[in-house]
Amino acid sequence: MCGIVGYVGNQSVVDILLDGLEQLEYRGYDSAGVALQTPDKLDVYKAVGKLCNLREELKHHTDETRKAIMGIGHIRWATHGAPTVLNAHPHTCNCGNLVVVHNGIVENYKELRELLTAKGCVFKTQTDTEVVAHLIAQKYALSKDLTEAVRLAVKDLKGAYALCVMHKEEKNKLVGTKLNAPLLIGVGEKENFFASDVPAIIKHTKKAVYLEDGEIATLTKDTYSVIDSDGNVVEKKVEMLPWEPVALSKMGYKHFMLKEIHEQPDVIRNILTGKLHTPQDNVILNEVKLTREHLKNLNRIQIIACGTSLHAAMIGKYLIETLCGIAVDVEASSEYIYRRTVTDEHTLVIGVSQSGETADTLTAIKQAKAKGSHILIITNRPDSAMAREADSLVPVNAGIEVSVAATKSYIAQLVSFYLLAIYMAEIKESANEYLLLSLKTDLMILPQKIEQILSHKEEIQKCAKIYSGTKDFIYIARGINYPTALEGALKLKEISYINATGYPAGELKHGPIAMLDETMPVLSILMKGCVYEKLLSNSEEAKARNARMIALTNSEDEKLNDLFDFIIRVPDVQDLLSPILAIVPLQLLAYYIAEFLGKDVDQPRNLAKSVTVE
Ligand code: AGP
């Protein structure tokens, strides 16, 4: 939820830190700060609000900041303590010689605060992080070695942390460590970096070292070393990052979200490459390690996820049950971890996560793994903590997704579920071969159909303008598109702040229909298929209550013009594949409404791209 950058080297420390934090703004943006070590001083600069406010603050101190030889920076999404300058990171010990930045939550900070206060530490902020600064300072007073002080101090911490630490008396050394939160080393030429995520360093180096939980790294501009929690040296593999800096530019689009929506046709082509050569070929999933025997005897699947990934999981349920005849439960990770789940070695547990770092899902996966389940992870980040827990992996390869609102990663998750369901059906021989052939044939031509939708986006812009003044919005659907209604509503909610809700259309008359009147837009995801007629009659029920009716449909039925005030048409597609097409106009509708309302589309208030705290 927060972003960390550390740098030691010969380039401009301030520029490296600020540019790196800018690339991490999607992780949280309610305050920011840097600590700069110059040859004779260790200074801290902070600002509340967006990163640009910190840039403005630093402009008043260029005489000092340009002398910096190393530094650490932090962009915050507040968990403990309001977003104020005082609570912004970095935090220091009482003497100001030690500074720390932190991503995560120290769950036992209250008792530590009491213990440290009893030892004479004076606390200035409401944050859990300040406890870490005092704790390391206490250890440093004894060890006079920053790496050792950090190693000893974190043994007292519970919860989740990625830390980056500097001490005034060790002017050439950065120390970092992590537990249940991401931290990586960027390995440069006569310079080294710490970062919460790849975008912060990709412009400077493609060589990365991923720290594992409990490891402590020490950087100088010429070296890096890693030890474990017992102080033993750990040899780490340098990995080459698979992305190009170009992924971090808007490429002429007004927002990353619009760019990423337009990338979706190529994202689908990219996913299919190497996994589906022709419709006649079987699906290839090289990193799915389920044996044929295991798959044939599989009798239960649990899919756990959050947010948009949960909606993808719900569609995955429809597909796997339809094609494979295996019972599938889908559950929000935050609910799964706090109940006694019936999970064992006969259960396949699928975790779905764009970031691969969502705390609730990661915790749930670890719980399931401990119960002996085979863990299959569907993620956009094969370098993530969740991917490292996986027995089987389906990388969705959507490329870096910068906008907080998930779009291309969602479509990529959907396509991955289609491939996984077909893969399992082919092994179990549980589905009609002609149905599988038609699904694979139509999957391969979906990119062109999405391009058709994108080429008619002005229709959706028109719809957005008409409905942008609404305070509420209802989406209804049936069958495999019920999760599409939920996802369409979430997109609108999270970037325009309009109170949008998705309902199974059959539920309307059991309560929500009471809300309908001439002020309420109701969008029907009316795709041809087995539930079309039922949904049409639900739409007529809504119309009879004077709701403002919108249809999203692939039907050419002229009758619809009498029933609906606005019709968004999409190309024809078979029912089972319709969620992949139907979501694109809903992403665009949410985008254009939010843009029309002047909202911060890529960084909506209160949100973060990766929720790495429970
Ligand atoms: C999606 O638009 C949201 N940003 C959010 O719901 C997100 O899907 C959720 O936090 C899960 O993230 P993950 O896929 O990285 O686990």
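Small disclaimer: the values here were computed from a predicted structure and weren't measured.

Procedures and definitions
- Residues numbered from 1 in each chain as written.
- Predicted model: local features only at pLDDT ≥ 70, side-chain atom pairs only at ≥ 80, totals over all residues.
- Heavy atoms only, no water.
- Helix = DSSP H or I, 4+ residues; strand = E, 2+ residues; numbered from the N terminus.
- Rg over C-alpha atoms; globule rule 2.2 N^0.38 Å.
- Buried < 20%, exposed > 50% of the residue type's maximum accessible area, 1.4 Å probe, protein only.
- Areas by Shrake-Rupley, 256 points an atom, 1.4 Å probe, with all protein chains shown as cover.
- Lys, Arg positive; Asp, Glu negative; His and termini not counted.
- Charge placed at Lys NZ, Arg CZ, Asp CG, Glu CD.
- Pairing = 2+ DSSP bridges.
- Contact = heavy atoms within 4.5 Å.
- Axes fitted to C-alpha atoms, helices over the stretch in contact; angles between N-to-C directions.
- Phe/Tyr/Trp six-rings, centres within 6.5 Å; stacked < 30°, edge-to-face > 60°.
- Lys NZ or Arg CZ within 6 Å of the ring centre and 35° of its normal.
- Salt bridge = Lys/Arg side-chain N within 4 Å of Asp/Glu carboxyl O.

So what about the overall build of the protein chain? Which residues, and what values?
On a plain count of helices and strands, the protein chain comes out with 20 helices and 24 strands. Scaling as 2.2 N^0.38, a compact globule of 614 residues should have a C-alpha radius of gyration of about 25 Å, and the protein chain matches this with 26 Å. Within the protein chain, buried positions represent 60% of all 614 residues. Summed over all atoms, the accessible surface of the protein chain reaches about 22,800 Å², with 51% contributed by carbon and sulfur. If you average the places of the 68 positive and of the 78 negative side-chain charges in the protein chain, the two averages end up 2 Å apart.

An account of the sheet that holds strand E10 (residues 191-195) is requested, with residue identities and associated values reported.
Whenever strands of a sheet pair, they do so through backbone hydrogen bonds, lying parallel or antiparallel. Reading across from one edge, E3-E2-E4-E1-E10-E9-E11-E14 is the order of the eight strands in this open sheet, with antiparallel pairing throughout. Lying at the two open borders of the sheet, with one neighbouring strand each, are strand E3 (42-48) and strand E14 (239-240). Note that strand E1 (residues 3-9) and E10 share five bridges and pair antiparallel. Note on E10: the bridge partner recorded for Gly9 is Glu191. Contacting strand E2 (31-37), E3 and strand E4 (70-76), helix H2 (residues 51-59) runs over the sheet at an angle of about 135° to E3.

I'd like a rundown of the sheet that holds strand E7 (residues 159-167), residues and numbers included.
With antiparallel pairing, six strands are arranged side by side in an open sheet as E5-E6-E7-E8-E12-E13. Edge positions in the sheet fall to strand E5 (91-92) and strand E13 (224-227), since each has one partner strand and no second. Pairing of E5 with strand E6 (residues 98-106) involves two bridges; the strand directions are antiparallel. For His91, the partnering residue across the bridge sits in E6 and is Val100. Against the sheet, helix H5 (residues 129-143) engages E5, E6 and E7, with an angle of about 130° to E6.

An account of the packing of aromatic side chains is needed here, citing residue identities and associated values.
Taken as a whole and judged by the stated rule, the model has four aromatic pairs. Considering the side-chain rings of Tyr467 and Phe473, the 6.4 Å spacing of their centres and the 65° angle between planes classify their relative orientation as edge-to-face. Judged by relative accessible area, Tyr467 falls into the buried class, the value being 3%. Judged by relative accessible area, Phe473 falls into the buried class, the value being 1%. Taken together, the aromatic side chains of Tyr467, Phe473 and Tyr475 make up a single cluster linked through ring pairs. Against the face of Tyr497 rests Arg605, its NZ or CZ located 3.9 Å from the ring centre.

Residue-level account of the pattern of salt bridges, with values.
For the coordinates displayed, the defined rule picks out 37 salt bridges. As a salt-bridge pair, Asp222 and Lys190 come within 3.2 Å of each other at their nearest N and O atoms. Of the two residues, Asp222 sits in the loop between strand E12 (216-219) and E13 while Lys190 sits in the loop between strand E9 (184-187) and E10, which places them 32 residues apart along the sequence. Given the relative accessible area of 47%, Asp222 is considered partly exposed. One salt bridge connects Arg388 with Glu212, and the closest N-O pair in it is separated by 3.3 Å. Here Arg388, found in helix H13 (residues 385-389), pairs with Glu212, found in the loop between strand E11 (207-210) and E12; they are 176 residues apart in sequence, far enough to count as distant. Here the salt bridges do not stand alone but share partners, grouping Lys41, Asp43, Glu64 and Lys67 into one network.

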